[in-house]
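A look at the structure
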Amino acid sequence: MLAAVRRIGLGRRLIVMGVLVVLLVVLACLALVLGDRVLAPGDVVASLLGLGSGGDNFVVQGLRLPRLTLGLLVGAAFGLAGAVFQSLLGNPLASPDIIGISQGASAAAVGAILVLGWGGIGVSFAAFAGAVVVAGLITLLATRNGVAGSRFVLIGIALAFLAQALIGYLLTRADVRDAQSALVWLVGSIGTVKGEELAVTATAGLVLVIGLILLAPRLRMLQLGDETAAGLGVRVTPTRLLLTLVAVGFAAVATAAAGPVAFVAFVAAPIARRLLGGAGTASALVASALVGAVVVTGADVIAQHAFPGLQVPVGIVTGIVGAPILLGLLARGNRTRGTA
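What comes next is a walk through the structure. Since the structure is predicted, the reported quantities are computational estimates derived from the model, not experimental observations.

The rules behind the values
- Residues numbered from 1 in each chain as written.
- Predicted model: local features only at pLDDT ≥ 70, side-chain atom pairs only at ≥ 80, totals over all residues.
- Heavy atoms only, no water.
- Phe/Tyr/Trp six-rings, centres within 6.5 Å; stacked < 30°, edge-to-face > 60°.
- Helix = DSSP H or I, 4+ residues; strand = E, 2+ residues; numbered from the N terminus.
- Buried < 20%, exposed > 50% of the residue type's maximum accessible area, 1.4 Å probe, protein only.
- Patch = residues over 30% accessible without salt bridge, like charges linked within 9 Å, V, L, I, M, F, W, Y side chains within 5 Å.
- Areas by Shrake-Rupley, 256 points an atom, 1.4 Å probe, with all protein chains shown as cover.
- Salt bridge = Lys/Arg side-chain N within 4 Å of Asp/Glu carboxyl O.
- Expected span 1.5 Å × (residues − 1).
- Contact = heavy atoms within 4.5 Å.

Some thoughts on the packing of aromatic side chains
- This model, assessed by the stated rule, comprises 2 aromatic pairs.
- Each ring, one from F85 and one from F152, has its centre 6.4 Å from the other, and the planes form 45°; the classification is tilted. You can see F85 sitting in helix α3 (residues 54-89) and its partner F152 sitting in helix α6 (residues 149-173), a full 67 residues away along the chain. Comparing F85 with F152, the two get one shared label, buried.

Set out below in structure tokens:
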């Protein structure tokens, strides 16, 4: 009986993963084919292999492929950040865009743009530093008497409001043109992709993924409770700190590359868990990364092509799509608790 249940669970996981991968492939094809210059699929394949015409090669390899790659990386990173935070703290509100991590990165980036006059990779490093500083403050303030998920979230929300106030102050004091460039970054955008930024994002993401793979078994044990995890040989406090650092790293890398793309980290893990039906930690993490990549890639396709003659930042689309999804998840959760 147990073996049959396990086979059913494995079959469901394989189907869900397969569907998400196919959906990603379809969205990637659309991202490479569509644009001001619509290309045939054969021309796209030839350009990817370096066999197309000069113009096609530039459009595909120089413009569309880097943007697609950044969208995939950012979506997966946000999805993993939200999944780790929510699993680690046992709180569905424990998402980087709720507990102040994204806001801290945004405040530092806006300061770098408006005060220091930085651009490009400098803004990315400033955003990363801002996320790490806020995460450090939250951890320091929330772990004085042991880690509590609710206290962690509440302190993060308070720091998020503080960071938002700082952003508002900087914007009101800035020149209109500088403020406009900062606002584009604040809503989340992957429209301009530079090679060095893409390389930094990919390298940092790979290092964090390796770290998460090593820590994933301990995350599963921590979900059983601190006492149980300690009984199984897990050093609870150092492990929590390492997992928090990895989650912050994912959020910081994604925010540094594309800005605080709304709702992706918040909804990726809940959607993945509902699709999987309560699968293990490893499967949930992989599915969360895939869902995040699907959300960002799909939103970017919509942002580029849904409004003729106008390209909007991807963060606006994820906000429009993400808010109803969040409300639906909350409503479904309330109905489930009401019938329990």
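Now that the structure has been shown, we can carry on.
Topic: a nonpolar patch on the surface
- A surface patch of nonpolar side chains, amounting to about 380 Å² of accessible area, comprises V187, I316, I320, V321 and I325.
- With 4 residues, helix α13 (residues 314-339) is the single largest residue contributor to the nonpolar patch.
- Counting through the fold element by element, V187 comes out in helix α7 (residues 176-187).
- The exposure class of V187 is partly exposed, given its relative accessible area of 32%.

A few points about the pattern of salt bridges
- Under the definition given, this model contains 2 salt bridges.
- Among the ionic pairs, R37 bridges to D56, the shortest N-O distance being 2.8 Å. Here R37 is found in the loop between α1 (2-33) and α2 (41-48), whereas its partner D56 is found in helix α3, with 19 residues between them in sequence.
- Judged by relative accessible area, which is 9%, D56 ranks as buried.

Examining helix α11 (residues 264-276)
- For α11, built from 13 residues, the straight-helix expectation of 18 Å at 1.5 Å per residue is met to within 8% by its first-to-last C-alpha distance of 18 Å.
- Regarding α11, the residues found buried are V264, A265, F266, V267, A268, A269, P270, A272 and L276.
- Two residues or fewer after α11 comes G277, characterised by a positive phi angle close to 70°.

Here's the deal with the side chain of S106
- Among the secondary structure elements, S106 is positioned in helix α4 (residues 101-114).
- Judged by its relative accessible area of 3%, S106 is buried.
- The contacts of S106, once residues within four sequence positions are left out, are I167, W185, L186 and P260.

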